[in-house]
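Spelled out, the chains give:
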Amino acid sequence: MALFERSEEIFEDENILHDDYQPQSLEERDSELDRYTGYLQPVINGSQPRNIFLYGKTGVGKTAATKYLLTHLKTDAEQYDDVDIETVYLNCEDLTSSYRVAVSLVNQLREPSDQISRTGYPLNAVYEMLWDRLDEIGGTILIVLDEIDYIGDDDSILYQLPRARSNDKIENSRVGIIGISNDFKFREKLDPRVEDTLCERELHFPPYDANDLQNILEKRAGKAFEDGVLSGDVVPLCAAFAAQDKGSARQALDLLLEAGDLARRQSDPTVTEQHVRDAKQLLEKQRIEESMQDLTSHGHLTLLAVVASTVSSPEDIPLQKQSIYEQYQNLAQATSRDPLGGRAFHNHLAELSMLGILDRVKRNEGRAGGIYYEYEVDVPLDAALSTLENLHMSDELDLDSLRDNACEKGLI
Ligand code: ADP
Ligand code: MG
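Residues numbered from 1 in each chain as written. Chains lettered and ligands numbered in written order. Predicted model: local features only at pLDDT ≥ 70, side-chain atom pairs only at ≥ 80, totals over all residues. Heavy atoms only, no water.

1. A look at the overall build of the protein chain
Next, step 1: Helices and strands together make up the secondary structure of the protein chain, namely 17 helices and 8 strands.
Next, step 2: Dimensions of the protein chain, computed from the C-alpha atoms along their principal axes, are close to 75 × 55 × 55 Å.
Next, step 3: A buried classification covers 44% of the 412 residues belonging to the protein chain.
Next, step 4: Expressed as a percentage of contacts within the protein chain between residues at least 6 apart in sequence, the contacts between residues at least 24 apart total 71%.
Next, step 5: Here the protein chain has roughly 21600 Å² of accessible surface; of this, 43% comes from carbon and sulfur atoms. (Helix = DSSP H or I, 4+ residues; strand = E, 2+ residues; numbered from the N terminus. Buried < 20%, exposed > 50% of the residue type's maximum accessible area, 1.4 Å probe, protein only. Contact = heavy atoms within 4.5 Å. Areas by Shrake-Rupley, 256 points an atom, 1.4 Å probe, with all protein chains shown as cover.)

Set out below in structure tokens:
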């Protein structure tokens, strides 16, 4: 018997739904693209490029629009002999200091045979290499710093780069910077002088509504799926779910991909509304599990304390901090850990609430008692338990009977 068989033909090309696929046209972004094109116009005219700052929540097309326009800009510039354009794209997610950004820029601008190592130079030396290389290339150089907020507080590069020409560090090239950020507060944190230069032109990408998302998805789905595989309500439902949440095209595409994948795994011939609903649950569960996995061991014990208290006394939900704390102390002792003090424990409760794993309910005890909080689990209890089970915290904790108990009481 064959171990592998070709699965039900659901996708014609599933890569088209992946995040890094570059669509040939961008839907529902005409006015943003018009303005963006206008901001890049000086490049074609051979004058000093403007520094552009793009902001908006995740998944609203900032990266896609930038790559799309820069590709066109380069092609369209070919008809003018006196315009030379070089573009550099850098995602700063792993580049959390000016040093790292500068090294990456040097290496991207240099030939593969002439790369520098990521450590070992003084920052100034790296800047010198950067100015030298920029000057050597000449023409117009556009540098995209995507997810620019990751650079953090060590952001001297954001002062140096836009001023390199006026500070006589380079003379042959014109450098323009395109900064992109998901973080609305990023601008406020900048020194006003940096803000002025870095954000000469700015562009906001708003979230998509359900109609926008439906059009975006339809274009992509047409190429990604085999003909006739998608039931009529699948795309509108993905669009509606994503619009209700954050208005992110990335989220809508992920949902559609997961729904198709579910149909394929279940060997169903078509993708239906039910696949979308199941895919939504699955993705949510994954998201929760990921955020829970990143906690420290005391964070996990704190969560376990809330889960265990929920199962042992569901009638007391939302739970008082003191009873959770007592439960936590028992669990810490059972796993041979020193329990944290009250304040540190409180910080874990606060973090879990911030992550949306717990819900914090404010109580007001009248004049004498003041304000205090009570807590309850704000994710499916089943997801919380599965995550804790997967951590293999200790054999001394009997999570199996906790789960059985929760089942008996109808909590999962
Ligand atoms: P951001 O950079 O704002 O987080 P992206 O540009 O990476 O978002 O977009 C997320 C995904 O959605 C990508 O796969 C992108 O191709 C797609 N996308 C976003 N906006 C559009 C659009 N207007 N038309 C087609 N696809 C889009
Ligand atoms: Mg992006």
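After that view of the structure, there is still more to cover.
2. Let's talk about the sheet that holds strand β4 (residues 173-181)
Next, step 1: Strand order in the open sheet formed by 5 strands is β2-β3-β4-β1-β5, and the pairing between neighbours is parallel. The sheet terminates laterally at β2 (85-91) and β5 (201-204), the two strands that pair on one side only. Neighbouring strand axes in the sheet, compared pairwise and without regard to direction, differ in orientation by 15 degrees on average.
Next, step 2: Where strand β1 (residues 52-55) and β5 come together, 4 bridges link them in parallel fashion. Its bridge partner being in β5, Tyr55 is matched across the sheet by His204. (Pairing = 2+ DSSP bridges. Axes fitted to C-alpha atoms, helices over the stretch in contact; angles between N-to-C directions.)

3. Observations regarding the nonpolar core
Next, step 1: Core analysis: the biggest nonpolar cluster contains 55 residues, and Phe225 and Leu256 have the highest contact counts within it.
Next, step 2: In terms of residues, this core owes the most to one element, helix α10 (residues 249-265), which gives 9 residues.
Next, step 3: Residue-level mapping places this core at the junction of two domains, with at least three residues from each of domain 1 (30-204) and domain 2 (208-291).
Next, step 4: With sequence-adjacent residues up to four places away left out, Phe225 is seen in contact with Ile10, Phe11, Glu12, Leu17, Leu230, Leu256, Gly260 and Val271. (Core = buried A, V, L, I, M, F, W, Y, C linked by side-chain atoms within 4.5 Å. Domains from an automatic or database assignment.)

4. What to know about the packing of helix α13 (residues 321-334) against helix α14 (residues 342-354)
Next, step 1: Taken N-terminus to C-terminus, the directions of α13 and α14 make an angle of 105 degrees; their axes are 11 Å apart at the nearest point. Classified by the angle between their axes, α13 and α14 sit roughly perpendicular to one another. On α14, the residues touching Lys321, Ile324, Tyr325 and Tyr328 of α13 are Gly342, Phe345, His346 and Leu349.
Next, step 2: In the contact of α13 with α14, the residues fall into 5 nonpolar, 2 polar and 1 charged. (Parallel < 35°, antiparallel > 145°, perpendicular 65-115°, else oblique. Nonpolar A, V, L, I, M, F, W, Y, C, P; charged D, E, K, R; others polar.)

5. So, the side chain of His275
Next, step 1: With respect to the element layout, His275 can be found in helix α11 (residues 273-293).
Next, step 2: Its relative accessible area of 5% is what places His275 among the buried residues.

6. Thoughts on the UniProt feature "domain: AAA+ ATPase" (unreviewed entry) in the protein chain
Next, step 1: Per the UniProt record, "domain: AAA+ ATPase" (unreviewed entry) is annotated on residues 48-209.
Next, step 2: What you have in residues 48-209 is 38% helix and 20% strand, and the ends, taken at the C-alpha atoms, are 36 Å apart. (UniProt positions renumbered as here; feature names shortened; annotations may be inferred.)

7. Here's the deal with the packing of aromatic side chains
Note on aromatic pairs: each is described by the distance of the centres and the angle between the planes.
Next, step 1: Summed over the entire model, instances satisfying the criterion amount to 7 aromatic pairs.
Next, step 2: Judged by centre distance (6.1 Å) and plane angle (15 degrees), the rings of Tyr325 and Tyr328 are stacked. With Tyr325 and Tyr328 both in helix α13 and 3 residues apart, this pair spans about one turn of that helix. One exposure class covers both Tyr325 and Tyr328, and it is buried.
Next, step 3: Seen in terms of ring centroids, Tyr328 and Phe345 are 4.9 Å apart; in terms of plane orientation they differ by 35 degrees. Their pairing is tilted. In this pair, Tyr328 is assigned in helix α13 and Phe345 in helix α14, connecting sequence segments 17 residues apart.
Next, step 4: Connected via pairs of aromatic rings, a cluster forms that spans Phe53, Tyr55 and Phe186.
Next, step 5: Looking at Lys67, its charged tip hangs above the ring of Tyr89, at a distance of 4.3 Å from the centre.
Next, step 6: Above the ring of Phe241, the side-chain terminus of Lys280 is found at 4.5 Å from the ring centroid. (Phe/Tyr/Trp six-rings, centres within 6.5 Å; stacked < 30°, edge-to-face > 60°. Lys NZ or Arg CZ within 6 Å of the ring centre and 35° of its normal.)

8. Looking at the environment of Lys321
Next, step 1: Locating Lys321 in the fold gives a position in helix α13.
Next, step 2: Lys321 sits in the partly exposed class, given a relative accessible area of 33%.
Next, step 3: A C-alpha to C-alpha distance of 40 Å links Lys321 and Asp209, two positions 112 residues apart in sequence.
Next, step 4: Filtering out sequence-adjacent residues up to four positions away, Lys321 remains in contact with Phe345, His346, Leu349, Tyr373 and Tyr375.

9. Some remarks on the site of ligand 1
Next, step 1: As a matter of local geometry, ligand 1 sits amid 21 residues, with Glu27, Gly59, Lys62, Thr63 and Tyr208 nearest to it.
Next, step 2: Take Asp19: an N or O atom from its main chain is 3.2 Å from an oxygen atom of ligand 1.
Next, step 3: Take Tyr208: an N or O atom from its side chain is 2.7 Å from a nitrogen atom of ligand 1.
Next, step 4: Taken by itself ligand 1 offers 560 Å² of open surface, and the protein chains cover 96% of this.
Next, step 5: With respect to the detected pockets, ligand 1 is housed in the second largest pocket.
Next, step 6: Of all elements in the fold, only α2 (62-77), α8 (210-224) and α10 reach the threshold of two or more residues within the shell around ligand 1. (Near = heavy atom within 4 Å. Polar contact = N/O pair within 3.5 Å; in protein donor to acceptor, adjacent residues only side chain to side chain. 1 Å grid on protein atoms, 1.4 Å probe; cavity = no way out; pocket = protein on both sides within 12 Å on 5 of 7 lines; lining within 4 Å. Sits in = over half its atoms within 2 Å of the grid points.)

10. Considerations on the domain arrangement of the protein chain
Next, step 1: When its domains are assigned, the protein chain resolves into domain 1 (30-204), domain 2 (208-291) and domain 3 (294-408).
Next, step 2: For domain 2 versus domain 3, the separation of C-alpha centres amounts to 34 Å.
Next, step 3: At the interface, 5 residues of domain 2 touch 9 residues of domain 3.
Next, step 4: Both sides of the domain 2 and domain 3 interface together cover about 600 Å² of buried area, and 57% of this is carbon and sulfur.
Next, step 5: The three residues of domain 2 that bury the most area against domain 3 are Ile288, Glu289 and Ser291, which together make up 74% of that side's buried surface. (Buried area = accessible area lost by both parts, 1.4 Å probe.)

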